Amino acid sequence: MDESRNTVIRKRSVFKGVKLSESKLTADKPIESLPLPEKIILPLQQHIGAPCSSIVNRGDYVLTGQKVADVGSFVSSPIHSSISGKVVSEVKIINPVTSNPVDALVIESDGEDKWIDLDSLINPQKEHKPSDLISLIDSLVPKDMITRIREAGIVGLGGATFPTHVKLSPPPGKKIDTFILNGCECEPYITSDHRIMLEYTLEVVLGAYIIGRILMPEKMFVAIEDNKEDAIKEIDSFIKGTNLENKFQIVSLKSRYPMGAEKTLVKTIVGREVPIGGLPLDVGVVVNNVGTSKAVYEAVVEGKPLVEKVITVTGAVNDPKNLTVRIGTPLRDLIDYCGGSDEKANTVITGGPMMGISISDIDFPVIKGTNCVLVKKGSPASDENCIRCSRCVSVCPMNLMPLMFVRGVRSGMYEVCKEHYIEDCIECGCCAYVCPANIPIVSYIKVGKSKI
Ligand code: SF4
Ligand code: SF4
């Protein structure tokens, strides 16, 4: 890396964490489009906040991009059909995170992929110079941009699924002085954000520029781990080519897990500690992932709702890939398209091996927060007794005592979890990764959090 380039600085981690084997099998695989699914299943809650209610009826014909569910609450996000076809039923499916039933719409494709008329601010048939797009963005009113982001159903696509229009509307009195565009992607196996940075550089950077116009921070950083040197170069080159060096500073971060977690990122880049139970917002920082930034650009400039996203399908599949997938597509379709799974594979996880969620039914759909489908073989955690070795304590990036959460939940004394700040756990999985007793500590933590 050329140290003289003033858009790139280097930083090391300032938290404990772990160094993981990367297993990025798909880093060099360009994004392909998964063929249209025959049907989609759209859960009516795919975000943090109030669930949506269906605004269509059984038998209705819907277009790709048509809003099919919404709610009046500010902290929520509408849902759009990702195919054209007929609404065939409203069903209940089990949310694999909470194990609670959630309403979902089932839509059968007509195979036509007929879109709504997008409220685009540019002629999609023409090429547009980045400088013209920047001038266009400069002419837009922040309030209108937030409305377009809300109406497009944009949420945090790194997995957090917090509605983006809410994140970009800090309450009065909360001054945001720093924006961090998060391109770290620190979990093993996942490469979707890496490919997005390489193949959608304009959308990613101009999406961040839009966020900058809305928040008006004093500083904007692009955070990328140093195992993605090609992405650093690509973004650096775009920033220089569009004369945005005075807006963005790229930070090349030493690869260490969980560098991409918001709290560790804020601490590493701006040296601020997010308070217990707080958000980066509380220390004047907003963090958005690069996939979200791309979606923000498409919503604001092209009027495109969130109907598809880039997903890595990897692990014990025969041909791992990065795929653009319509939201609502059953996971089974993705695995089949990647040549099926190894016959010894026995686990499907959405997300990475550290923070992902084990899925028992592969007809569960891709939702807004899905960034990876990881097929694994091997035995599950054995859940033995804690031997009090304190390895979990030595790696926790939030300086917590994970063994106390295990003890609190096993004994039913949930107040022990609270006394040891379970709310501050970012569920990164470092503790479970190093635990010699194979205790599924994060599962205990999820239970503990739900009980306090
Ligand atoms: S306690 Fe939470 S934050 Fe700490 S290592 Fe475990 S999962 Fe990560
Ligand atoms: S690493 Fe596992 S065995 Fe060791 S103290 Fe933590 S929970 Fe107990």
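Residues numbered from 1 in each chain as written. Chains lettered and ligands numbered in written order. Predicted model: local features only at pLDDT ≥ 70, side-chain atom pairs only at ≥ 80, totals over all residues. Heavy atoms only, no water.

Chemist: I keep staring at the site of ligand 1 and nothing clicks. Help me out?
Modeler: Not every one of the 13 residues close to ligand 1 is listed here, only the nearest: Cys 396, Cys 425, Cys 428, Gly 429 and Cys 431. Mapped onto the shell around ligand 1, the elements with two or more residues apiece are α11 (402-411) and α13 (430-434). Its residues placed into classes, the shell around ligand 1 shows 11 nonpolar, 1 polar and 1 charged. (Near = heavy atom within 4 Å. Helix = DSSP H or I, 4+ residues; strand = E, 2+ residues; numbered from the N terminus. Nonpolar A, V, L, I, M, F, W, Y, C, P; charged D, E, K, R; others polar.)

Chemist: Looking at this structure, I do not really get the sheet that holds strand β9 (residues 101-109). What am I missing?
Modeler: Remark on secondary structure: sheet strands pair via backbone hydrogen bonds, oriented parallel or antiparallel. Strand order across the open sheet formed by 4 strands is β3-β9-β8-β5, with antiparallel pairing between neighbours. The open sheet has two edge strands with one neighbour each: β3 (39-43) and β5 (61-62). By the bridge criterion, 9 bridges tie strand β8 (residues 85-94) to β9 in an arrangement that is antiparallel. Paired with Ser 89 across the bridge in β9 is Val 106. (Pairing = 2+ DSSP bridges.)

Chemist: Mind showing me how you'd approach unusual backbone geometry here?
Modeler: A negative phi angle characterises most non-glycine residues, just as the trans form characterises most peptide bonds. Note the cis peptide between Tyr 257 and Pro 258, where omega equals 0°. Of note, Pro 258 is situated in the loop between β12 (248-253) and α7 (262-270). Positive phi, close to 45°, is recorded for Glu 185, a residue that is not glycine. Structurally, the position occupied by Glu 185 is in the loop between β10 (178-182) and α4 (192-199). The phi dihedral of Asn 438 falls on the positive side, at around 60°, and the residue is not glycine.

Chemist: Is there a simple way to explain the sheet that holds strand β2 (residues 32-33) in this structure?
Modeler: Taking strand neighbours across the sheet as the criterion, the 6 strands line up as β2-β15-β14-β18-β16-β17 in an open arrangement whose pairing is mixed. The outermost strands of the open sheet, each flanked by one partner alone, are β2 and β17 (357-359). Looking at chain direction, strand β14 (residues 308-315) and strand β18 (residues 372-376) are connected through 4 bridges and run parallel. Note that in β18 the partner of Thr 314 across the bridge is Leu 374. Here α4 sits on the sheet in contact with β14 and β15 (321-326), set at roughly 130° to β14. (Contact = heavy atoms within 4.5 Å. Axes fitted to C-alpha atoms, helices over the stretch in contact; angles between N-to-C directions.)

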